[in-house]
Amino acid sequence: MTNMRSSFTRGWWFLAPGLLLMTLIVSVPLFMAFRYSIHRVFLYRFDDQAFVGLANYLRAFRDPLYINALKTTVLFTLGCLVLSIVLGLLVAFMLSSRQVRLRPTWLALFLVPFVVTPVVAGIAWRFFMWQQEFGVINSILGAFGGPSPYWLLDRETALAAAIVSNSWHLTPLAILVFYAALTTIPDELFKAARTDGAGPIQLLWYIVLPMLRPHMLFISIILITSAFREFDMIWSLTGGGPGRATTVLSIFAYDRGIANQDMGMGNSIAFSMFIIMAVAAWIYITVYRRVLEHEE
Amino acid sequence: MISPRTRRRLLVVLLHGMLGVWLIYSVLPPVMLIAASFNSTALFRSPLDLLLLRDFTLTNFSQAFTRGAFWFFFQNSVIISSAAVVITLVVCVPMAYGLTKISGRAKSVVSFGVLAMRFIPYVVLALPLFLVYVNLGLAGSRAGLLLAHLAIHIPFATWMLIGYFESVPPELEKAGIIDGCSPWNLFWNVTLPVVRPGIIALAILVFIMSWNEYLFALFLAGSNAQPLTVGITRFLGGAEAGVEYGIIAAYSVLIVSPVIVFALAANRLIVSGMTAGAVKG
């Protein structure tokens, strides 16, 4: 009994300082975001605040620009998710093949996009990849006699280009997770399937995919969280333009809160993002538990 | 008719070829930056001209150092990132350890809280903090920016560390208890050495996250605490982007090279550290 109690208190002594600090530095801004979101408050006149209830939210939801930003964010998030998962799975599957030499070296180099500063990555893509006349992409397209779109300067293509650039940054995470998971699949399984005459595509479809389901869920939520809040990469690629073509919610909140100095509105946009993410997290945790139970 | 053996060989070649294509895709944007930073870029040039260093020069770097207030931003980046690493480790290592020692409902509530915080979009923290800091007198200070970084790092680091601590076999501590170790001794001398590789990997990841961070810096750094990521966008805004993209490239190279060197030097550690967290879910 004393032993149990002492081991109980022991844990809390280690835990308490960090828990306190974490709660403080996360919950204070979160609470203030909610507080500002239900007040009329402007950037350099915050002594002059007035409670307005849900007016900021109503104003946001009625604003076509908010709806547009929401739509853009959803498209951006889904685009990054699908692209990163598909490419990550393919690369991890190829890399996990036993015939590939120097696998750790490949993997290390594949991680480079993930650590490159997103602002800098945005600059690199903007000046050297998407650039209309001298960019790498149009140079390659041109060599095959393809068209040379304006990419980031064209409303039609800017979002797609931003998705590609951001998933360039995120795919390494998917590769890493899938690769780690694939190395835990016993070789016998592949061998057995291969003696039954399965080709690479059948292996991927019938063995790898079903076994990777929990990892697929795990990486999905990481990618969704990351893409949903993305600011840096889009900011340095397009700054939210052309027009509003790449204005995601993070950028829209900045636009309203800091640039327009309407902090009430800015915070209500940001807090609506928090609510969306909270729902997503709740769904994820419920589904994840169910999948784990199913596996067991 | 192709024999099975040649077929397999072809497949291996094809496999390496496709991985090679992916490798080029992965490194091309940073490689283009490096190439452009060593070229005189008074004129626009084709990618090939840049890669072949047709117009080699080092002036972009001297310009980047002198014109962009580089050292001021660099100093802020180094101070904030290092402080973030130290504080995160000092706070999170005991916290994660403590979390594996408590049990029952309290444990699941706290771990759920830590996990939940990782979903928070950064802008929800950054926007209100702008006003909070103005009220507290923290606006435009390194301390304020550091606190915002910690709001991201602490949940992330704790979550990773829980995975490491849980992988330590409980027998180890039981042996320590029999030998009469104090709780602190158990933590410091018995368990901590086992998870040291994970902690180093985490330290590097936290440093990279802080070094790369831009959103908080844009919102909260004012004009006294700006790190390099804000520095380059300021520079970008002031520069005639067309004429000076060589200097911008040099500036970018200076920002990312420490991170890439770090990541490549410690890649084994980072890979195993990140997958330990990932496989656990």
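Residues numbered from 1 in each chain as written. Chains lettered and ligands numbered in written order. Predicted model: local features only at pLDDT ≥ 70, side-chain atom pairs only at ≥ 80, totals over all residues. Heavy atoms only, no water.

Colleague: What is the right way to read the interface of chain B and chain A from this model?
Modeller: Interfaces are often described in size by the accessible area the parts lose on coming together. In this assembly, 96 residues from chain B lie in contact with 91 residues from chain A. Interface area, chain B with chain A, both sides summed: about 8300 Å², of which 84% is carbon and sulfur. Sorting the residues of chain B by area buried against chain A places Leu19, Trp22 and Phe119 of chain B first, and these three jointly supply 9% of that buried surface. The tally of links between chain B and chain A comes to zero salt bridges. Here the side of chain B that touches chain A takes 18 residues from helix H1 (residues 4-37) of chain B, the largest share from any one element. Class assignment for the residues of the side of chain B that touches chain A results in 74 nonpolar, 14 polar and eight charged. (Contact = heavy atoms within 4.5 Å. Buried area = accessible area lost by both parts, 1.4 Å probe. Salt bridge = Lys/Arg side-chain N within 4 Å of Asp/Glu carboxyl O. Helix = DSSP H or I, 4+ residues; strand = E, 2+ residues; numbered from the N terminus. Nonpolar A, V, L, I, M, F, W, Y, C, P; charged D, E, K, R; others polar.)

Colleague: What is the right way to look at the side chain of Ser250 of chain A in this model?
Modeller: Along the chain, Ser250 of chain A falls in helix H13 (residues 249-259). Residue class for Ser250 of chain A comes out buried when judged on its relative accessible area of 0%. A polar contact of 3.1 Å, which involves the side chain of Ser250 of chain A, links it to the backbone oxygen of Arg229 of chain A. Apart from residues lying up to four places away in sequence, Ser250 of chain A is in contact with Phe228, Arg229, Glu230, Phe231 and Met273 of chain A together with Val123 of chain B. (Buried < 20%, exposed > 50% of the residue type's maximum accessible area, 1.4 Å probe, protein only. Polar contact = N/O pair within 3.5 Å; in protein donor to acceptor, adjacent residues only side chain to side chain.)

Colleague: Hey, could you run me through the packing of aromatic side chains in this one?
Modeller: Each pair of aromatic rings is reported with the distance of its centres and the angle of its planes. Residue and element names in this part refer to chain B. Enumeration according to the criterion identifies 40 aromatic pairs over all chains in this entry. Relative to Trp71, the ring of Phe65 has its centre 5.4 Å away and its plane inclined at 5°; by these criteria the two rings are stacked. Ring geometry for Phe207 and Trp211: centres 5.6 Å apart, planes at 20°, overall stacked. One end of the pair is Phe207 and the other is Trp211, both in helix H9 (residues 183-212) and four residues apart, which spans about a single turn. (Phe/Tyr/Trp six-rings, centres within 6.5 Å; stacked < 30°, edge-to-face > 60°.)

Colleague: Is there a simple way to explain the domain arrangement of chain B in this structure?
Modeller: Residues and elements named next belong to chain B. Taken domain by domain, chain B holds domain 1 (4-57) and domain 2 (61-274). The straight-line distance from the C-alpha centre of domain 1 to that of domain 2 is 32 Å. Across the contact, ten residues belong to domain 1 and nine residues belong to domain 2. Together domain 1 and domain 2 conceal approximately 820 Å² of surface at their shared face, both sides included; 74% is due to carbon and sulfur atoms. Three residues, Leu33, Ser37 and Thr41, lead the burial of domain 1 against domain 2; their summed loss comes to 54% of the area buried on that side. At the junction of domain 1 with domain 2, the criterion picks out zero salt bridges. Counting the contacts that link domain 1 with domain 2 gives zero residue pairs in polar contact (both at pLDDT 80 or more). Residue composition of the side of domain 1 that touches domain 2, by class: seven nonpolar, two polar and one charged. (Domains from an automatic or database assignment.)

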